[in-house]
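A closer look at the structure
The lines below spell out each chain.
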Amino acid sequence: MYRLLVCALGLAGTVFGQSVDSYISTEGPMTKAGVLANIGPNGSKAAGASPGVVVASPSTSSPDYWYTWTRDSSLVFKSLIDQYTTGIDSTSSLRTLIDEFITAEAYIQTVSNPSGTLTTGGLGEPKFNVNETAFTGTWGRPQRDGPALRATAMITYGNWLYSNGNTTWVTSTLWPIVENDLGYVVSYWNESTYDLWEEVDSSSFFTTAVQHRALREGAMFATRIGQTSVVSSYTTQADNLLCFLQAKSYWNPTSGYITANTGGGRSGKDANTLLASIHTFDLSAGCDATTFQPCSDKALSNLKVYVDSFRSVYSINNGIASNAAIATGRYPEDTYQNGNPWYLTTFAVAEQLYDALNSWEAQGSLNVTSISLPFFQQFSSSIAVGTYSSTSSTYSTLISAVQSFADGFVAINAKYTPSDGSLAEQYSKSDGSPVSAVDLTWSYASALTAFEARNNTQFAGWGATGLTVPSTCSGNSGSTVAVTFNVDATTVYGENIYITGSVDALENWSPDNALLLSSANYPTWSITVNLPASTNVQYKYIRKYNGAVTWESDPNNSITTPASGSVTENDTWR
Ligand SMILES: *[C@@H]1O[C@H](CO)[C@@H](O)[C@H](O)[C@H]1NC(C)=O
Ligand SMILES: *[C@@H]1O[C@H](CO)[C@@H](O)[C@H](O)[C@H]1NC(C)=O
Ligand SMILES: *[C@@H]1O[C@H](CO)[C@@H](O)[C@H](O)[C@H]1NC(C)=O
Ligand SMILES: *[C@@H]1O[C@H](CO)[C@@H](O)[C@H](O)[C@H]1NC(C)=O
Ligand SMILES: *[C@@H]1O[C@H](CO)[C@@H](O)[C@H](O)[C@H]1NC(C)=O
Ligand SMILES: *[C@@H]1O[C@H](CO)[C@@H](O)[C@H](O)[C@H]1NC(C)=O
Ligand SMILES: *[C@@H]1O[C@H](CO)[C@@H](O)[C@H](O)[C@H]1NC(C)=O
Ligand SMILES: *[C@@H]1O[C@H](CO)[C@@H](O)[C@H](O)[C@H]1NC(C)=O
């Protein structure tokens, strides 16, 4: 669907040398090519990287980005999977690349690294060598957004395959990979993390938001493909994450912005929070503020505060009107490489605004609340709190002003894109020339998704509609409780009693790996197992005799574990 594209030269014509339409028509194909060039093994700038591995940048020194980050790779492949599953690019070569990504990530999940192993926290490792070996140097680890973003990318693909009849591969090959990542999120979301800029070790809004999304869509996906045993734990922790997302340590009502990290000693104004909005956008959720949708009053207020924080810190922004687009960076206090604007953060501002425009168009109205009033006053000083229908002239005025504002951010990046179309990580705050890593894959992907949002290209939602925030927030320390299972069962000589059930600690319903109980107090058989706290666990006992397996009759036994302490469960064989 097309929205009338308003010419970018309207609001701040003197700033831009080139129209946004013409920039996108040349830069659009280059951004896709820029992404593909950085993916092994055939990407022209990724020689030596394993198949499906995304190189962050071909730059090997000052800075050395010749690594693969789980976050960057997952965001990049989400954009490619979106293109494949919506038919924008349905070529078999893209399908091959996506399958290679999945194979690569499935292997990387198993690589022991300084954060741990597959089952002891290793999925939080932020980056690996491009040959899929562990990076063992000092680093800001763990970073707990990676597994969530990777699950989101793979679920998008899995849903498409499932809809197209490829159910076996989804359940037998893809699901176990996704389940590893979502299990990690369930276990570790409530522990501190390095933020997406790898500097602050605390709780981080972007991480919380993408973890919430991953568990929410993970629960829907698991239900759809019949993996029901995980659904209650995903939903429980998604509810806890949604609750935590509302925390006062994030949303600052007095100053109208989201504090990006609970630690770090900065203002907290940070592109982290805009990236959270655009990567959890769900058109069907409207302008819901509990999930900080791009058009929500909180996210718009936050956008203005964030943008304004860069007006005086970069000299290339000097002389630009206080309500016009500027170059933005990660956060105003940034000193990395001397602290400059980034392409991907400036594109993120545009993308959030385009998403908002798409939501208002879909809803046929736009709300101005006391929270979003300062945002809208930039475009109309007399605007009042209220609902403006798409038939009103106020709506038309605001929509075209927001469109021009959004285009302005693209035009700023356009102005500082070199004539060969390449996108580095940053551009100089004083003269706009490219700075830091060349050909940053994420820069290209951020352009791709911003241009698609401008085009009102629509991708699958993730279940953000109609969510209810629990009245009290609970954490999940990842703690376990000792559960003793006693079962009265008479057996014949050589026959043994085992248990298996719905969680890792009970071997996920595997009769082969089921846990053997002790017969020391025969006819009571016993075992003590550490199970996740505050979790509903389903289980059954089984008998094994001469290689034959006999399950207890239905239904499954069930226990909800306490938050702490220990518990004894007394059963009789059925
Ligand atoms: C990479 O190149 C090899 C050799 O030409 C080819 O077999 C493979 O399919 C290519 N991979 C992709 C994703 O195009
Ligand atoms: C993988 O890459 C790392 C870093 O470049 C290098 O030290 C290591 O030798 C490589 N390992 C293999 C098996 O190629
Ligand atoms: C299902 O998709 C996977 C991944 O692309 C592919 O390897 C497999 O051949 C497909 N199976 C069928 C039956 O199409
Ligand atoms: C505007 O606010 C009303 C009342 O809160 C709500 O029902 C409606 O969905 C909102 N519309 C938009 C576009 O945000
Ligand atoms: C925008 O949509 C049109 C029509 O579907 C398509 O031809 C064009 O390639 C799209 N452009 C971008 C940048 O997505
Ligand atoms: C854990 O969850 C509780 C309850 O939501 C919250 O107050 C606390 O800040 C969280 N801690 C971390 C590190 O996420
Ligand atoms: C017991 O749990 C398994 C695994 O989730 C499930 O397949 C089965 O349908 C359940 N049995 C009953 C009777 O609910
Ligand atoms: C199981 O039996 C033990 C000892 O007889 C008792 O302490 C415990 O409370 C019982 N558990 C339940 C759930 O009734």
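Being a predicted model, the structure only gives us computed values, none of them experimental.

Here the focus is the overall build of the protein chain. Regarding its fold elements, the protein chain presents 14 helices and 19 strands. Its C-alpha radius of gyration of 26 Å places the protein chain within 12% of the 25 Å reference for a compact globule of 574 residues. With respect to the three principal axes, the spread of C-alpha positions in the protein chain is 90 × 55 × 45 Å. Going through the 574 residues of the protein chain one by one, you find that 57% of them count as buried. Here the analysis covers contacts within the protein chain between residues at least 6 apart in sequence; of these, 67% occur between residues at least 24 apart. Accessible surface, the protein chain as shown: approximately 21,300 Å² in total, 51% of it carbon and sulfur. Within the protein chain, one finds 27 positive and 46 negative side-chain charges whose respective centroids are separated by 4 Å.

A few words on the site of ligand 2. Every residue near ligand 2 is listed here: Asn129, Asn131 and Thr133. Contact between ligand 2 and Asn131: an oxygen atom at 2.3 Å from a side-chain N or O atom of the residue. Contact with the protein chains removes 26% of the 360 Å² of surface that ligand 2 exposes when unbound.

We now examine the state of the cysteines. Using the criterion set out here, one finds two disulfides in the structure. Residue pairing for Cys287: its cysteine sulfur links by disulfide to Cys295, the two sulfurs lying 2.2 Å apart. The sign of the S-S torsion, about -110°, decides the handedness of the disulfide formed by Cys287 and Cys295: left-handed. For Cys287, a relative accessible area of 27% translates into the label partly exposed.

As a further point, take the pairing of strand 14 (residues 518-521). Pairing between strand 14 and strand 15 (residues 524-532): two bridges, direction antiparallel. Bridging from a neighbouring strand, Asn521 pairs with Thr524 of strand 15. Counted along the chain from strand 14 to the antiparallel partner strand 15, the turn is two residues long.

Right, let's talk about the pairing of strand 18 (residues 557-560) for a bit. Burial along strand 18 is one-sided: Asn557 and Ile559 are buried, while Ser558 and Thr560, pointing the other way, are not. Strand direction decides the pairing type here: strand 16 (residues 536-545) and strand 18, joined by four bridges, are antiparallel. Looking at the pairing, Gln538 lines up with Ser558 of strand 18.

Turning next to the sheet that holds strand 11 (residues 480-488). On the basis of which strands lie adjacent, the open sheet formed by four strands has the order 14-15-11-19 and mixed pairing. Edge strands, defined here as strands with exactly one partner in the open sheet, are strand 14 and strand 19 (566-572). Across the sheet, the mean angle from the axis of one strand to that of its neighbour is 35°, orientation sign disregarded. As judged from the nine bridges shared by strand 11 and strand 15, these two strands associate in the antiparallel manner. Within the sheet, the bridge partner assigned to Val483 lies in strand 15 and is Val529.

Another aspect to go through is the packing of helix 3 (residues 70-85) against helix 14 (residues 441-454). Contact geometry for helix 3 and helix 14: axes closest at 10 Å, N-to-C directions at 35°. For the element pair helix 3 and helix 14, the recorded crossing hand is left-handed. Facing helix 3, whose interface residues are Arg71, Asp72, Leu75, Val76, Ser79 and Gln83, helix 14 presents Thr441, Trp442, Ala445, Leu448, Thr449 and Glu452. Residue composition of the contact of helix 3 with helix 14, grouped by class: five nonpolar, four polar and three charged.

Per the counting criterion, the structure on display carries 22 salt bridges. Measuring nitrogen to oxygen at the nearest pair gives 2.8 Å for the salt bridge that ties Arg454 to Asp21. Note that Arg454 is positioned in helix 14 and Asp21 in helix 2 (residues 20-37), a separation of 433 residues in sequence. Judged by its relative accessible area of 6%, Arg454 falls in the buried class. Of the charged contacts in the structure, one is a salt bridge between Asp145 and Arg71, with a shortest N-O distance of 2.8 Å. Placement of Asp145 in the loop between strand 2 (127-129) and helix 5 (146-163) and of Arg71 in helix 3 is noted, with a sequence separation of 74 residues between them. As far as burial versus exposure is concerned, Asp145 and Arg71 are alike and both buried. Connected through shared salt-bridge partners, Arg71, Asp72, Asp145 and Glu198 make up one network.

A few words now on the domain arrangement of the protein chain. Taken as a whole, the protein chain is organised into domain 1 (1-37 + 283-467), domain 2 (63-245) and domain 3 (480-572). Computed from C-alpha atoms alone, the centre-to-centre distance between domain 1 and domain 2 is 26 Å. Taken together, the 30 residues of domain 1 in the interface contact 25 residues of domain 2. Roughly 2,300 Å² of surface becomes buried between domain 1 and domain 2 when both sides are summed, with 72% attributable to carbon and sulfur atoms. Area buried by domain 1 at its contact with domain 2 is led by Trp442, Phe459 and Trp462, which between them contribute 30% of it. Here domain 1 is connected to domain 2 by two salt bridges. Across the pair Lys32 and Asp89 runs a salt bridge whose closest N-O atoms are separated by 2.7 Å. Summed over the shared surface of domain 1 and domain 2, the number is seven residue pairs in polar contact (both at pLDDT 80 or more). At the level of secondary structure, the elements contributing two or more residues to the side of domain 1 that touches domain 2 comprise helix 2, helix 11 (343-363) and helix 14. With six residues, the single largest contributor to the side of domain 1 that touches domain 2 is helix 14.

On to the confidence of the model for the protein chain. Residue-level pLDDT values for the protein chain average 94, and 96% of them are 70 or greater. Across residues 1-17 the pLDDT falls below 50, and counting only partners more than four positions away or on other chains, this stretch makes 36 contacts in the model.

Applying the stated criterion across every chain yields a total of 31 aromatic pairs. On the basis of an interplanar angle of 85° and a centroid distance of 5.0 Å, the ring pair of Phe375 and Phe376 is categorised as edge-to-face. Exposure class is identical for Phe375 and Phe376. Each is buried. Taken together through their ring pairs, the aromatic side chains of Trp360, Phe375, Phe376, Phe379, Phe405 and Phe409 make up a single cluster. Lying across the ring of Trp139, Lys127 places its NZ or CZ 3.5 Å from the centre.

Bringing the environment of Ala401 into the picture now. Mapped onto the secondary structure, Ala401 falls in helix 13 (residues 393-415). Its relative accessible area of 15% is what places Ala401 among the buried residues. Put simply, Ala401 and Val305 are 96 residues apart on the chain and 18 Å apart in space, counted from C-alpha to C-alpha.

Conventions used here
- Residues numbered from 1 in each chain as written.
- Chains lettered and ligands numbered in written order.
- Predicted model: local features only at pLDDT ≥ 70, side-chain atom pairs only at ≥ 80, totals over all residues.
- Heavy atoms only, no water.
- Helix = DSSP H or I, 4+ residues; strand = E, 2+ residues; numbered from the N terminus.
- Rg over C-alpha atoms; globule rule 2.2 N^0.38 Å.
- Buried < 20%, exposed > 50% of the residue type's maximum accessible area, 1.4 Å probe, protein only.
- Contact = heavy atoms within 4.5 Å.
- Areas by Shrake-Rupley, 256 points an atom, 1.4 Å probe, with all protein chains shown as cover.
- Lys, Arg positive; Asp, Glu negative; His and termini not counted.
- Charge placed at Lys NZ, Arg CZ, Asp CG, Glu CD.
- Near = heavy atom within 4 Å.
- Polar contact = N/O pair within 3.5 Å; in protein donor to acceptor, adjacent residues only side chain to side chain.
- Disulfide = S-S within 2.5 Å.
- Pairing = 2+ DSSP bridges.
- Axes fitted to C-alpha atoms, helices over the stretch in contact; angles between N-to-C directions.
- Left-handed = near helix turned anticlockwise from the far one by under 90°.
- Nonpolar A, V, L, I, M, F, W, Y, C, P; charged D, E, K, R; others polar.
- Salt bridge = Lys/Arg side-chain N within 4 Å of Asp/Glu carboxyl O.
- Domains from an automatic or database assignment.
- Buried area = accessible area lost by both parts, 1.4 Å probe.
- pLDDT = per-residue confidence, 0-100.
- Phe/Tyr/Trp six-rings, centres within 6.5 Å; stacked < 30°, edge-to-face > 60°.
- Lys NZ or Arg CZ within 6 Å of the ring centre and 35° of its normal.

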